[in-house]
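Tertiary structure, described
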Amino acid sequence: SLLPRSPHARARERESAPGSRSSRLTAGRASGTGRGAMAGNFSDKTWSGTPMWQIAEELEEQRRKRDAEELRKASTPVAVLNCRAEGDHFLSELTLLIPAKAAGFNADPASGGFREVKVRGPRRKIRREALKDGFALRKTFHERGEAEVRRQAYELKSRTWEPLELPPETAHVEEPEDKEQRLRLAQRPRGTGWSRKKDADFFLHTHSPMAYDPKKMQYFEVEAASNRYVPCDPPHDPVEYPVDVQAGASLVGQDDGDLTSPDRPRSILLKELVLTGRAMKKPLFFLDQPASAMVLFEGVRGSAASDYCSKNFHTKLLSKLSSTLQYWSAAMMQKLISSIIEELDAEVMQSPAACYDGACLGVAIVLGDRLTVATMGSIRALLQTPSGTTRVIGGQHVVAEDGIDRVRLDAGGGEVISVPVPGEPSVLPQLRVRRPLRPRRTAFAQDNASEIQRVLDAAPDSFSALGFGAGDSVDAKSAKVNYRKLALKVHPDKAPEELKEQAQVAFAKIETALLQIETLLEKDAKATAELHRFLEAAGSVESAVMPRAWARTVLGVEEGIEIEDAEKKAKELKKDLAKLGQFEGGRLFHADARRAGELIDEALESLQAPAPKEGALEAVSVTRALGLRDLKRPRDIVSAKPHVEVVQLDALGSYNLALLSSATSILGDDGILSRIKDFPRQPKTASLVIAQDAADAQAKRKAHRSDCLASSVVSVLELKHEEAPEPPTKKAKTDATSDKAFRCAARSDAYTFS
């Protein structure tokens, strides 16, 4: 170009001329020597002309800082705080990550070189209180260490926070320091028994059909229908509490033959529920530790019901405990025991061999720091706390003159009778209950005294009270005629002096009977005549269970009729009774119509129920029991509802618990507790002494042989102060310098039946 060149163009020509600085650097890069070669080893983006020695020093300094930070993290304790809900309560859980090497422990590779310790605060009704507990525990751990935080966790059980001290509901529990460890803990599933599947990045549980995906942080369980993994809630993370559980059971009779008697009480000891569940393919790895169960059964009328329950209780318990992997709250434990008893009662009621027998029970289940006790019938439980306070759990389910259960017996139509104690005339008679026996006579007696007794004892309805027989027609005129005849015999002015009070009751009864019949006739004369015919055909009630031939007569059906047809006939009879009046809920209005309805129900139950044993069914002394079909159907006289209590083990020391059969009541509560105190931490010996002394006392008063069978289950629950464990090296050094001690311990099986 002929145009003049710019200054920039002339400068580029000088730089590219041979011998210039730029040409020498370019030649050096090409040949691999000189300063050009050194500069060529760095890209234009990374090299800024800094000398190599300075770059090396900077890299070394970064490495030292990184190593120092890793060393600091590996030697610095971390406290990861979480607030959890357990049932209706909240609590704080502090996971302490303590450097294992610094404390003298062997490091677990899976734990990242840390020893994990969990400290839990007390259960609170409000979440803010649990948060305050957690913040206080974390502060104490950072300032004073593991031993102090354990001590404070125990002291917080008696601490009450003021409202102004509580943090807001939205307070964060995370800290910048625990972020890395919190993420690491989230990569592992809760509890024990997990193993990583080979060549896969998820965990499988050894004893339960469960899996955990650490990437999704999601738990899965096998669906029974499709046999595929489906998402589920996380299992409860079990906690091992410092509670030592020891238990023993004993049975004593008059001789060795009584130990195998069918009428003996039966006991079950499940000392390790987790191990027992594993043996029976029922995963219980999520239960708080310790986990134990103790059960005592005693028969009523016979042994068939108690034998069936003792063989099936533990299987139902393990199945229901393993049905959910969540935390078992106090309310859930109460429902658990009630559902087991309800199922056992239904099964016993359907058993031809056991339905008329009964069973009383006492149950004690320990899960962590909670004790659940349930009693029913004649079996009672005694619990003595470390402070010496004694609690009687149950033992009130016997027939008495008054009380809630007595009200229920009377409302259900039960008949309470007095039975003298054999060989002890000075002792008050024992009260027992049975289904009422009601004789029915309509013929007038010759003398006034006999007629008064007939009206009082043999006239269960208005028609029999006024003397209407099988061939008599019922109308208002004949009712008044019969009333006038009876008034001459039962009027208090006509009765002897010693029978005036009874005569007043009898006279009031015939007055009421006349009024009832007149009311029924006004309502429906035809239905009233049918009611009279039905009650006359039913006749007297002379047994606890209506004979089947009598039941067919009451319902008016032939032998061999199907149950469905008998039910239809019963509905038709009740429909006719409803013509005489009924309440809004369907309950019959008039007493005579209600009695007829009860007889219809009893007749239908007689056709459905198994045939009773030979001989009359004995009256029973308990108001609650399993079985006893004749006292539960068609109306509940005896109940199967247990008495359940949940006790929090929150005081240091020993809790003494005893499940006692009815024969041990002769010793008294104080006598039983004194025998337990005589053998501290020896429950087997204490149970044997209690059973032996009770059996001897019953034999001394010449009680029936079955009443001399005494059984007791004694358990000692010792809550210890939780302390930080010693390092293995220090522990070994201490053991080497201390005197040697030898302890003899009996073998503890996973479960024991007696």
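The structure we're discussing is the one just above.
Residues numbered from 1 in each chain as written. Predicted model: local features only at pLDDT ≥ 70, side-chain atom pairs only at ≥ 80, totals over all residues. Heavy atoms only, no water.

Here the focus is the overall build of the chain. Counting its regular elements, the chain contains 23 helices and 22 strands. Burial status across the chain gives 43% buried among its 754 residues. Expressed as a percentage of contacts within the chain between residues at least 6 apart in sequence, the contacts between residues at least 24 apart total 68%. For the chain, the accessible area works out to roughly 40500 Å², and carbon and sulfur atoms hold 52% of it. (Helix = DSSP H or I, 4+ residues; strand = E, 2+ residues; numbered from the N terminus. Buried < 20%, exposed > 50% of the residue type's maximum accessible area, 1.4 Å probe, protein only. Contact = heavy atoms within 4.5 Å. Areas by Shrake-Rupley, 256 points an atom, 1.4 Å probe, with all protein chains shown as cover.)

For the rest of this paragraph, the subject is helix H6 (residues 127–144). For H6, built from 18 residues, the straight-helix expectation of 26 Å at 1.5 Å per residue is met to within 8% by its first-to-last C-alpha distance of 26 Å. Along H6, the residues that are buried comprise Glu129, Ala130, Leu131, Asp133, Gly134, Ala136, Leu137, Arg138, Thr140 and Phe141. Elements in contact with the buried residues of H6: strand E1 (78–86), strand E2 (89–99) and helix H7 (146–155). (Expected span 1.5 Å × (residues − 1).)

With 10 of 10 residues buried, strand E21 (residues 710–719) is to be regarded as a mostly interior element. Alternating residues of E21 divide into Ala710, Ser712, Val714, Val716 and Glu718 and Ser711, Val713, Ser715, Leu717 and Leu719, and every residue in both groups is buried. Sheet topology note: the strand E20 (residues 653–660)/E21 ladder contains eight bridges and is antiparallel. Residue pairing for E21: Asn656 is matched across the bridge by Val716. (Pairing = 2+ DSSP bridges.)

Let us now look at the nonpolar core. Soluble, globular proteins show a tendency: their nonpolar side chains are buried together. Counting residues in hydrophobic clusters, the biggest one holds 48 residues, and the most contacted among them are Phe463, Leu466, Ile510, Ile517, Leu531, Phe534 and Leu555. When contributions to this core are tallied by element, the ones reaching two or more residues are helix H13 (448–457), helix H14 (462–465), helix H15 (476–490), helix H16 (500–523), helix H17 (525–538), helix H18 (548–555), helix H19 (563–577) and helix H20 (591–608). When residues of this core are assigned to their parent elements, the largest contribution, nine residues, is made by H16. In this structure, Leu273, Leu321, Ile340 and Leu626 belong to the second largest nonpolar core, which totals 43 residues. (Core = buried A, V, L, I, M, F, W, Y, C linked by side-chain atoms within 4.5 Å.)

Topologically, Asp345 is positioned in helix H11 (residues 330–350). Overall, the relative accessible area of 12% leaves Asp345 in the buried class. Of the polar contacts made by the side chain of Asp345, one reaches the side chain of Lys632; its length is 2.6 Å. If we skip the residues at most four places from it in the chain, Asp345 touches Ala625, Leu626, Gly627, Lys632 and Ala640. (Polar contact = N/O pair within 3.5 Å; in protein donor to acceptor, adjacent residues only side chain to side chain.)

Here the focus is the packing of aromatic side chains. In this structure the tally under the stated criterion is five aromatic pairs. With a centroid separation of 6.5 Å and 40 degrees between ring planes, the pair formed by Phe203 and Tyr212 is classed as tilted. What makes Tyr212 buried here is its relative accessible area of 4%. Ring centres 4.5 Å apart and planes at 45 degrees place the aromatic pair Tyr212 and Tyr219 in the tilted group. (Phe/Tyr/Trp six-rings, centres within 6.5 Å; stacked < 30°, edge-to-face > 60°.)

This part covers a negative patch on the surface. Taken together, the side chains of Glu562, Glu564, Asp565 and Glu567 define an acidic patch exposed on the protein surface. Relative to the helices and strands, Glu567 is located in helix H19. A relative accessible area of 31% places Glu567 in the partly exposed class. (Patch = residues over 30% accessible without salt bridge, like charges linked within 9 Å, V, L, I, M, F, W, Y side chains within 5 Å. Salt bridge = Lys/Arg side-chain N within 4 Å of Asp/Glu carboxyl O. Lys, Arg positive; Asp, Glu negative; His and termini not counted. Charge placed at Lys NZ, Arg CZ, Asp CG, Glu CD.)

Our next topic: the sheet that holds strand E15 (residues 390–394). Taken together, the five strands give an open sheet; going across it, the order is E9-E21-E20-E14-E15, and neighbouring strands pair in antiparallel fashion. In this open sheet, the two strands that pair with only one neighbour each are strand E9 (243–252) and E15. Here the average twist between neighbouring strands, direction ignored, is 15 degrees. With five bridges joining them, strand E14 (residues 380–384) and E20 adopt antiparallel strand pairing. Counted as the bridge partner of Ala381 is Leu659 from E20. (Axes fitted to C-alpha atoms, helices over the stretch in contact; angles between N-to-C directions.)

Looking at where Thr442 falls in the secondary structure, it is placed in the loop between strand E17 (430–434) and H13. In contact with Thr442, not counting residues within four places along its chain, are Arg454, Ser464, Gly467, Phe468, Gly469 and Glu536.

For the rest of this paragraph, the subject is the pattern of salt bridges. A full pass over the atoms with the stated rule returns 39 salt bridges. We note a salt bridge from Asp693 to Arg675, for which the minimum N-O separation is 2.7 Å. One end of the pair, Asp693, is in helix H22 (residues 683–700); the other, Arg675, is in helix H21 (residues 668–678), with 18 residues separating them in the sequence. Counted as one network, the salt bridges with shared partners bring together Glu60, Glu61, Arg63 and Arg64.

In most cases, non-glycine residues show a negative phi, while peptide bonds are predominantly trans. Note the cis peptide between Gln289 and Pro290, where omega equals 0 degrees. With respect to the element layout, Pro290 can be found in the loop between helix H9 (273–279) and strand E11 (291–300). The amide bond that connects Arg633 to the next residue, Pro634, takes the cis arrangement and shows omega of 5 degrees. The topology assignment puts Pro634 in the loop between strand E18 (626–627) and strand E19 (643–648).

Quick look at the sheet that holds strand E8 (residues 229–232) now. Spatially, E4-E5-E6-E7-E8 is the arrangement adopted by the five strands of the open sheet, whose pairing is antiparallel. Only two strands of the sheet have a single partner each, and these edge strands are strand E4 (194–196) and E8. Across the sheet, the mean angle separating the axes of adjacent strands is 30 degrees when strand polarity is ignored.

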